[in-house]
Structure formats: C-alpha cells, structure tokens
Amino acid sequence: MEGVVYKSTGSWYSVKDTGGRWWKARLKGIFKQGGLTSTNPIAVGDRVEFDSENEGEDTGTITAIRDRVNHINRLSPKGRHQQHIVAANLDQTLLIATLRDPRTSTGFIDRFLVTSEMYHVPAIILFNKADLYRDKEWELYGELEEIYTEVGYRVQLVSLLEGKGVAEVQALLKDKTTLVSGHSGVGKSSFINAVLGTAIKTQDVSGWSGKGQHTTTFAEMYDLPEGGSIIDTPGLKEFGLVNVDKAELSGYFPEMRDRLQGCQFNNCLHMNEPGCAIKEAVRNGEISEERYVNYATILDTIDEKNY
Ligand SMILES: Nc1nc2c(ncn2[C@@H]2O[C@H](COP(=O)(O)OP(=O)(O)O)[C@@H](O)[C@H]2O)c(=O)[nH]1
Ligand SMILES: [Mg+2]
Ligand SMILES: [Zn+2]
C-alpha cells in the first residue's frame, strides 16, 4: 500500500493511504539504521509504501520511502552536526507575522524567507491582527508590503479575529501543501482553526494520541476542506539555517541574487569589498536597507566550521 505521513509520535507514524484510510505504521529496525544520517528518517509529508501487519488491524510496517521533492530541516537538539527533518514534499511556506502584540521583527521574517529560498519553495507572509493597527502600524505595513512584494513574496493582510483576508488565504492554500510557521502569540492556532473549520476534529487520528507517547511531535499535517493541506510545526521557533555557506547567503535574497553578476569579485560577501553591486544598490535605494542589514546579521551568525 501507499500513503502519506501526517504525524510522527515516537516510533509510530500516522499514515493515510491513497483510499483515505488511516494507519499506524512503523519502520522495522533494520530499515531504520539503513545508512540514514537524519535523526528521524521519516517526516510529515513523506510518501511511503507499507504492508499491513495483521489482517483486520490498522497497523502497518513501512517498507520504503519515496524520493522527496524537498524537505525542511532544523538543527537537532541532540547535536550541532545532526539534522532533523521537519517536513517533506512542500509546495510553499507561510509565515504568520504581526506588527503588534507581538511585533515580528524583519530579522525573523528574513531568516524564514532565506530558509524557504534554500528549499526552493515560494513563501507567503501573512500579517495578522490588522484590527489592532493604528497609524504607526499602517505606515509600517505599507513599507513592509512594498519591500516584500517587490522582492517577489506574496503578502496578505488578515484579521483572524474579524475574519478579514481569510478567503484570500484559503485561495492561496487550495490544492497545495503549505508549511505554516510563526512565533507564539501571532495567531497560528487561530489561523489553523479558521482554515480547517470543523475538519480539525475529524483528523485527530483514531484517538491514539495519548498514553505514554511523549510529545516530541514537531509537525503535523491536516487536510483542508477545499483541497490541499497544511503542516503545523508546534514548538518549532525557527528553522536552523543548516548547510548555508557564507558565500551562498546572498543567493537566497532574490534582489541580491539578481545583481550578483555586477560585483567585481565573484566571492564578494557584499560587506567591504570594492566594486560591490549590492552595496551600490542599497545606496541608490534599489535594495532595502533593512533587508541588507538583516543579510549582514545572518552572515555574521554563520559559523563556517559548523556544517
Ligand atoms: N486582535 C486580534 N487578536 C488575535 C487575532 N488573531 C489571534 N488573536 C489573539 O492572539 C492570541 C494568540 O492567538 P493564538 O491563535 O493562540 O496564537 P498562537 O500562539 O500563534 O497559536 C489569542 O488571544 C488570540 O485571540 C487577530 O486577528 N486580532
Ligand atoms: Mg498556538
Ligand atoms: Zn558584492
């Protein structure tokens, strides 16, 4: 049989087969050690092949993982050199940000966007709590919308409290697999409830959530009523920028990527080098100063020895 992994709790995976039936599936020991360097060989969103373990029961053994289109990593808590796959086979990512209560920094937004660029998936930025905006926030929203739209990201203003902008978001999510992220307090749970409607309750897989299974769940996928699915990443504050090399970073800023050919040195980090097309574009206002500062900050955090 074939199915998609919706959730991982310890050694059991919640799998929906192509006919829509739910299974609890696991890997056999040998397979688990089959030379995989990740701390979790199977991730939410993975397409797997599995066999039924016992006639008439809903348990199965996973026999193969289909090749991934892509996957998102975070740094493993077990060690700096181990990676942990958060989710696989994404079509896009969605970041929920807010300008008030709490305010999401552009540094956080840009790190998220860099991660999405690394995995070659388009990113959507949702600005929530529009009902709270006053002059100051409207001005800031205007600036950010312009910056991010110009760079090529989809920006959507919403008020989950008032239900504004939700239909537009639903249209963006339809028939896609979307990884949803955001700081605590921005309205991620409200968002998931809004887009799932009543569907969320029916997807609490056959009531096997409790009993001794520790809550090391890092991601869970839900089907949307109109088609497509979202992947929630509870407890995941930020994705590790794993395997980024200093020289590659500007390639993950689309407005810089487009201008790299203009730099005098092909290993230019766009800091103090002469003949830098990026710095020139910042000076003449073609590249946002804020984005550039965030670039420099991220560059500074990349430890060349750590990948
Ligand atoms: N004013 C306002 N409050 C909101 C909005 N969306 C969510 N909230 C509130 O923000 C708080 C955090 O929301 P929650 O969905 O739990 O956020 P999470 O921590 O990201 O899951 C709750 O008190 C929500 O009622 C919104 O659009 N406007
Ligand atoms: Mg929440
Ligand atoms: Zn340069």
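Not measured: the values here are computed from a predicted model.

Some words on the coordination of the zinc ion (ligand 3)
Only Cys263 (SG), Cys268 (SG), His270 (ND1) and Cys276 (SG) from the protein reach the zinc ion (ligand 3) as donors, at distances of 2.1 to 2.4 Å. Its four donor atoms give the zinc ion (ligand 3) angles of 101 to 118° at the centre, a pattern that matches the tetrahedral case. Sequence spacing among the residues donating to the zinc ion (ligand 3) works out to C-x4-C-x1-H-x5-C. Of the two residues, Cys263 sits in the loop between α7 (254–257) and α8 (277–283) while Cys276 sits in the loop between α7 and α8, which places them 13 residues apart along the sequence. What makes Cys263 buried here is its relative accessible area of 9%.

A look at the site of ligand 1
Close contacts around ligand 1 come from 15 residues, with Asp131, Gly185, Lys188, Ser189 and Ser190 the closest. Between an oxygen atom of ligand 1 and a side-chain N or O atom of Asn128, the distance comes to 3.0 Å. A distance of 2.7 Å separates an oxygen atom of ligand 1 from a polar atom in the backbone of Gly185. With three residues, helix α5 (residues 188–196) is the largest single contributor of residues to the shell around ligand 1.

A word on the environment of Asn73
Turning to its location among the elements, Asn73 is positioned in strand β6 (residues 71–75). What makes Asn73 buried here is its relative accessible area of 4%. The spacing of Asn73 and Thr115 is 42 residues in sequence and 9.2 Å in space, taken between C-alpha atoms.

A look at the pattern of salt bridges
Charged atoms that come close allow side chains of opposite charge to pair. All chains considered together, the criterion is met by 16 salt bridges. Residue Arg100 pairs with Asp101 through a salt bridge whose shortest N-O separation is 3.8 Å. Lys136 is paired through a salt bridge with Glu137; the nearest N and O atoms lie 4.0 Å apart. Since its relative accessible area comes to 6%, Glu137 is described here as buried.

Description of helix α4 (residues 166–173)
If you check which residues of α4 are buried, you get Val166, Val169, Leu172 and Leu173. Seen from one end, α4 has its buried residues packed into an arc of 115°, which puts them on one side. Along α4, exposed side chains directed more than 90 degrees from the buried face belong to Ala167 and Ala171. Where α4 is buried, its residues touch β8 (92–98), β9 (123–128), β10 (154–157), β11 (177–181), α5 and β13 (229–232). Positioned one or two residues after α4, Asp175 has a phi angle of 65°, which is positive.

Cut-off values and rules
- Counting from 1, residues in each chain are numbered in the order their sequence is written.
- Think of it this way: whatever chain is written first is A, whatever ligand is written first is 1, and the rest follow in order.
- Owing to the predicted nature of the model, reporting of local features is limited to residues with pLDDT of at least 70; listing and counting of side-chain atom pairs is limited to 80 or more, with chain, interface and lining totals taken over all residues.
- Heavy atoms throughout the structure, all of them, feed into the side-chain values; hydrogens and water do not.
- Sites may look incomplete because water is not among the atoms; the donors themselves are N, O and S atoms within 2.8 Å of the metal, or within 3.2 Å for Na, K and Ca.
- Under the classification used here, a metal with four donors is tetrahedral if each angle lies between 85 and 135 degrees, square planar if opposite donors are over 155 degrees apart and the others between 65 and 115, a six-donor metal meeting that same test is octahedral, and anything else is irregular.
- Helix and strand assignments follow DSSP, with helices taken as H or I runs no shorter than four residues and strands as E runs no shorter than two, numbered in order from the N terminus.
- Using a 1.4 Å probe on the protein chains alone, a residue whose accessible area is under 20% of its type maximum counts as buried, one over 50% counts as exposed, and one in between counts as partly exposed.
- We call a residue near a molecule or strand when any one of its heavy atoms sits within 4 Å of it.
- Side-chain atoms alone can form a polar contact between residues adjacent in sequence; in general such a contact is a pair of N or O atoms within 3.5 Å, and within protein one must be able to donate a hydrogen while the other accepts it.
- Here, a salt bridge means any Lys or Arg side-chain nitrogen found within 4 Å of an Asp or Glu carboxyl oxygen.
- Each C-beta atom gives one direction from the helix axis, and the arc is the one those directions make.
- In this description, contact between two residues means that some pair of their heavy atoms is separated by no more than 4.5 Å.

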